[in-house]
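# Descriptive structure summary
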Amino acid sequence: MKSSLPGRGSYAFMNRIRAIVWAWVWVVMGLFANGTTAQAQADIRCSGANLVNWTTVTASSAVGSLTALDGTPISVTGTGSMLALGSPTSSQAAYDPYTNKANSVNLDNAAEPQVTGTGPFIYTWTFSQAVTNPFMNIFSLGNAGVKIRYTFKDGAGNPVNFTIRKTDNSQTFYASAANQLEGNEGNGTIQFQGAISTLRIEVTYLSGSTSEAFTAVTFGVRCPDVSFAPCPAPTIVDWQSNTAGQAIGTVTDNVSGNPVSVTLTGSIVNIGFPGEFNNTTNWDINSTAGERVAIDNAAEPQVTGAGPFLYTWTLSSPLRQPIFNISSLGSTSIRVRYTFFDENNEPLTFIVRKTNDWEAFRQLSGHVLEGAEGNGTIQFDGSPKQIRMQVTYITGSTAENFTSIQLVGSCPAPEPQDGINGKCNGANFAKWTNVSPNSVVGTIMDITGKGSSIVGAGSMININYTGYFNNASAYYLPTRYADRVAIDNAAEPQTSGTGPFLYTWTISNPISNLLMYVYSLGQAGKRVRYTFTDASGNPIPFTVLKTDNATNFAKVGSNQLEGEEGNGTIRFDVPVTVIRMETTYLTGNTSEFWTGLTFGVLCPEAQVQDCPTPRFAAWSTTATASQATATMPDAQGNTVNVTLKGSIINTGFPNEFANTAIWNPVQANSNRVAIDNAAEPQVTGTGPFSYSLTFSSTVKDPILNIYSLGSAGAQVKYTFTDAAGSPLQFCVRKTDSWETFHQIDGHVLIGQEGNGSIQLLGTLSDVRIGVTYLTGSTAEFYTTIQLCNNCSTPTLPPSLTINSPYNVVVNTTNPPISGTATAGASVTVNGPNGQSCVTTATAAGSWTCTSLTFTVGSQTVTAVASNTAGTSTVAIASFTVANACPNLSVGGSTTYTGGALCNTTNAGTITLTGQTGTVVKWQTSTNGGTNWTDIGNTAGLTQISFSNAQNNQQFRAVVNAGGSCADANSAPFVTLTSASACSVDCDVKPGGIVK
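Residues numbered from 1 in each chain as written. Predicted model: local features only at pLDDT ≥ 70, side-chain atom pairs only at ≥ 80, totals over all residues. Heavy atoms only, no water.

By the naming in an unreviewed UniProt entry, the protein chain is Ig-like domain repeat protein, taken from Spirosoma sordidisoli.

## Let's talk about the overall build of the protein chain
Basically, it comes down to this: Note on conventions: DSSP H or I runs of at least 4 residues are helices, E runs of at least 2 residues are strands, and numbering of each starts at the N terminus. For every accessible area listed, the method is Shrake-Rupley and the probe measures 1.4 Å; residues are considered covered only by the protein chains on display.
Scanning the protein chain from terminus to terminus reveals zero helices and 80 strands. By element, 51% of the accessible surface of the protein chain is carried by carbon and sulfur atoms, the whole surface being about 38,200 Å².

## As for the sheet that holds strand β7 (residues 121-132)
Selection rule: Here, a strand pair is defined by DSSP locating no fewer than two bridges between the strands. Inter-axis angles, ranging from 0 to 180 degrees, are taken between N-to-C directions of lines fitted to C-alpha atoms, where helices are fitted over the stretch in contact.
Judged by pairing direction, the sheet is antiparallel, and its eight strands sit side by side in the order β2-β3-β4-β7-β14-β9-β12-β11 without closing on themselves. Two strands in the sheet have a free side with no partner beyond their single neighbour: β2 (53-57) and β11 (173-177). Taken pair by pair, the neighbouring strands of this sheet meet at an average axis angle of 20 degrees, ignoring direction. In terms of strand pairing, strand β4 (residues 73-79) meets β7 through four bridges, oriented antiparallel. The residue bridging Thr 79 from the neighbouring strand is Thr 124, located in β7.

## Things to note about the state of the cysteines
As a reminder, the rule being used: Only a pair of cysteine sulfur atoms within 2.5 Å counts as a disulfide in this structure description. Partly exposed describes any residue whose relative accessible area lies between the buried limit of under 20% and the exposed limit of over 50%, with all areas from a 1.4 Å probe on protein chains only and scaled to the type maximum.
Under the counting rule described, the total for this entry stands at three disulfides. The disulfide partner of Cys 611 is Cys 791, and the gap between their sulfur atoms is 1.9 Å. Disulfide Cys 611-Cys 791: torsion about the S-S bond near -90 degrees, hence left-handed. Remark: Cys 791 occurs in the loop between β59 (783-789) and β60 (800-804) and Cys 611 occurs in the loop between β44 (595-602) and β45 (615-616); sequence separation between them is 180 residues. Given the relative accessible area of 11%, Cys 611 is considered buried. Residue classification places Cys 791 among the buried residues on the basis of a relative accessible area of 8%. Between Cys 788, a cysteine without a disulfide, and Cys 791, which holds the nearest cysteine sulfur, the sulfur-to-sulfur distance is 4.7 Å.

## Here's the deal with the confidence of the model for the protein chain
What counts, and what does not: Residue-level confidence of the predictor is summarised by pLDDT, bounded by 0 at the bottom and 100 at the top. Contact definition: two residues touch when any of their heavy atoms are within 4.5 Å.
On average, the protein chain scores 80 in pLDDT, and the residues at 70 or more come to 83%. Low pLDDT (under 50) marks residues 1-46, which in the prediction has 203 contacts with non-local residues, meaning those over four places away or in another chain. pLDDT under 50 marks residues 413-423. Its contacts with residues more than four places away, or in other chains, come to 43 contacts.

## A closer look at the environment of Thr 433
Mapped onto the elements of the fold, Thr 433 is located in strand β31 (residues 431-436). The class for Thr 433 is partly exposed, based on a relative accessible area of 34%. Sequence separation between Thr 433 and Val 485 is 52 residues; the distance between their C-alpha atoms is 9.9 Å.

## Section: the pairing of strand β40 (residues 553-556)
Here β40 runs beside strand β41 (residues 560-563); their pairing, made up of four bridges, is antiparallel. Pairing of Lys 555 across the sheet is with Leu 561, part of β41. In sequence, β40 turns back onto β41 through a hairpin of three residues, with Gly 557 there showing a positive phi of about 70 degrees.

## Quick look at unusual backbone geometry
With an omega of 5 degrees, the peptide bond running from Asn 664 to Pro 665 counts as cis. Along the chain, Pro 665 turns up in the loop between β49 (648-652) and β50 (672-675). Going from Ser 804 to Pro 805, the amide bond is cis rather than trans, its omega being -10 degrees. Within the element layout of this structure, Pro 805 appears in the loop between β60 and β61 (809-810). Backbone geometry places Ser 520, a non-glycine residue, at a positive phi of 65 degrees. Position of Ser 520 relative to the elements: it lies in strand β37 (residues 514-521).

## Here's the deal with the sheet that holds strand β19 (residues 268-272)
In space, the six strands of this open sheet follow the order β19-β20-β29-β22-β27-β24, with antiparallel pairing throughout. Each of the sheet's edge strands pairs with one partner strand only, and the pair in question is β19 and β24 (350-355). Each strand axis lies, on average, 25 degrees off the axis of its neighbour in the sheet, ignoring direction.

## Observations regarding the pattern of salt bridges
What counts here: When a carboxyl oxygen of Asp or Glu is within 4 Å of a side-chain nitrogen of Lys or Arg, the pair counts as a salt bridge.
Tallied over the full model, the rule gives 15 salt bridges. Of the charged contacts, one joins Glu 370 and Arg 335 as a salt bridge, the two residues approaching to 2.8 Å between their closest N and O atoms. Residue Glu 370 is located in strand β26 (residues 368-371), and its partner Arg 335 is located in the loop between β22 (323-329) and β23 (336-341); the two are separated by 35 residues in the primary sequence. Here Glu 564 and Arg 527 are joined by a salt bridge, their closest N and O atoms 3.4 Å apart.

As structure tokens, this is what we get:
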């Protein structure tokens with residue numbers, strides 16, 4: 001049974017999942033009247049990380065400062081046995097983020113003066129305001145003969161959990177519990193979970209003693225990670241000519257495959273020099289052949305001054321989410337800013353795909369990039385027809401020599417795209433990359449294409465054995481390619497007893513509808529129970545989607561799963577980031593060997609109806625090497641002539657598509673056409689090779705049954721467009737393996753010995769298929785295609801995304817929540833404390849909710865869309881509400897320094913003191929403060945005059961400290977008048993005294 005599984009063996013060193021640093025600033029050229037650049041601070045997209053700058057270290061304390069992601073300064077104080085300031089944590093292999101600039105603090109890992117014993121010794125780190133999800137870089141935790149444990153707690157003594165972001169050796173730097181880190185000469189980066197204001201580190205020696213020399217540490221905050229699909233076949237601009245003021249080239253459109261001419265105007269140095277961007281450390285898209293253009297970053301001839309200087313990239317047709325590779329932006333002493341705009345002078349936002357130094361290549365807002373000898377890759381949002389780049393010198397001058405830029409026009413986009421089932425076809429599974437005795441690390445992609453890290457803590461065995469989840473009887477959407485992690489179902493080293501033994505799975509971003517595939521839960525005579533709870537101990541409900549034995553794989557209660565050699569698939573019913581899995585032996589004990597697990601994300605499923613009367617094409621047997629013809633009845637029974645042009649092999653062979661488990665629909669005696677997937681005669685290269693499928697009259701929603709798309713060694717991409725190059729959307733009706741027959745981006749199909757049925761959407765007369773080899777070459781033999789129509793179009797549950805705010809910092813507690821959804825779908829947005837907002841997606845597919853209110857700090861919202869076809873997957877967005885009111889408004893006091901007031905005629909001056917903020921206005925009340933009337937033209941005044949006030953009339957100032965601070969009212973001044981305060985003029989005249 002399980003004994004054939006390879007045992008513990010040697011564990012590979014940790015080769016951590018690359019976390020792509022956020023957000024590169026694309027220069028937006030905003031030509032405003034005053035020549036300045038607009039930077040919308042509400043759109044702070046974050047790039048990399050900020051680390052503590054340590055300024056003072058004594059024998060018992062350390063003091064430094066940290067800048068929060070929203071720019072707020074935070075003081076950091078550490079107490080414990082310190083040594084000195086340390087060097088930067090600059091190893092790329094060990095730290096994420098790493099830096100060659102920020103310093104660290106060297107710790108004694110003991111009480112001072114040095115004492116014997118094993119501890120625990122206490123270090124306390126205090127932040128002047130709570131920091132969300134801070135990270136900690138650690139150098140040399142323990143040494144070869146000394147193993148040290150760090151136990152992390154908050155100020156109240158509660159555990160503070162963390163995940164390991166990176167290490168250069170998972171055997172010497174690993175988690176022994178959710179809040180415990182152990183090391184013997186270990187290096188790495190950990191990231192804490194939640195808002196931290198006080199962090200206690202208990203240092204315990206597990207072996208050796210306090211003669212261990214020191215450990216260097218530092219803290220910081222980092223931006224959310226973004227994962228990108230690989231770019232196997234980038235198309236890079238081919239520069240053809242240049243002058244001092246212009247360069248001209250061409251690049252291939254990443255949608256249609258058509259050439260796009262590029263004209264760059266500005267101060268040009270030169271073009272050419274292929275191979276400059278072939279360093280994978282600096283750039284995400286690498287090429288030994290692609291050319292670049294070098295620019296002066298100035299007006300020409302060279303001038304003094306800081307700019308701005310303008311560069312304009314004009315394209316003959318829009319490019320979808322183009323990419324810039326940038327080399328040497330600024331220099332070590334000269335900091336240069338690029339601000340990006342599109343052809344309408346609107347900010348052109350971007351994201352940083354990669355950089356070798358986030359400090360030297362840094363995004364300031366959604367469309368602004370700064371560099372100081374910076375290198376990196378950025379990708380723009382949208383489909384610009386013009387990229388306007390404004391160059392400004394922040395420090396230094398135009399003596400900065402030049403910057404090289406490479407334009408890339410063909411790579412998968414990092415953001416979710418519109419289209420049927422845009423990023424998801426079936427399910428996406430975790431990819432496991434590193435394992436240690438007590439932890440495992442992997443990545444998983446959600447249905448929008450966004451990547452997350454997934455970290456497991458507990459007793460692990462090994463990873464990377466595929467083929468465990470291909471039993472269609474036991475697994476929902478079976479897969480023969482997904483690997484698994486094997487767990488011990490026990491504490492390690494093996495212990496006696498029945499448990500519970502704890503496993504914790506932590507995902508960096510919330511995921512809805514998360515699947516868990518389980519192989520061999522328990523065994524004969526040993527029944528094992530898994531109990532699922534979240535980080536706070538609340539039950540996580542789930543649904544059993546499939547099992548081959550409901551007795552041996554059974555749900556018990558809402559959050560417990562029991563197994564006795566059980567196999568199956570469960571789906572967690574709520575979005576999850578932390579899954580605590582308690583393993584308990586109901587019978588037997590920990591001699592139960594192992595269970596195989598993996599996680600996946602279930603995509604929305606099209607509702608495909610059976611097609612009782614499909615009308616198939618009959619391919620003529622007289623095909624040539626470049627053309628095949630067929631006739632096909634349309635939905636009304638009329639004959640449609642079909643022509644396929646491209647490299648043809650043959651036609652005929654009825655019944656090749658008879659397997660109903662693979663294709664929908666099927667029909668006996670319907671023949672097919674075989675194509676070469678290449679130009680003919682056979683040529684070398686990767687394509688694209690072009691095929692056209694034309695109809696003599698329009699056909700609605702035709703279906704292609706496809707057999708053997710690609711091969712085991714050749715991954716082939718089909719891109720569907722119309723004659724004008726516009727994308728043709730399709731839906732996958734059926735496949736026997738979504739991993740080998742995979743839809744991306746709505747109109748692109750990728751296969752690797754893949755089989756399935758797709759349905760093109762629309763009333764069509766001309767279909768173009770671009771064939772590109774992503775791996776392998778044209779030695780891939782052939783693909784066969786069967787054509788039919790007259791089947792109902794599959795319907796999908798509505799799509800849904802949350803676009804804003806998304807991984808940004810906002811400066812308001814009432815930000816509008818907006819996104820896209822299928823037109824007409826009902827959208828429900830859920831916020832904190834039971835708040836919800838219901839709206840309807842417009843005909844253009846957009847929606848906005850404005851009624852939700854948030855507090856300062858990290859926030860998460862969820863949204864779901866529904867229509868008659870079903871319910872969307874839950875969308876999740878996280879963002880941070882900045883403390884936009886760091887100093888509360890204070891109204892202050894009002895004083896009157898004049899004399900007594902007459903009840904008939906009076907005048908005086910009231911002065912405001914002790915306020916915090918600016919006077920918004922003054923107000924007065926004549927009914928005891930029940931109603932207040934604004935006094936005109938009093939904004940900004942700390943002193944006002946009055947005349948002829950009534951008795952008990954009140955005056956007050958309204959003060960605001962700025963940002964989103966609430967107004968504050970001053971203490972009111974109350975006028976007191978009397979007749980005795982009135983002056984009397986008397987004249988003595990005959991007959992009496994008169995006034």
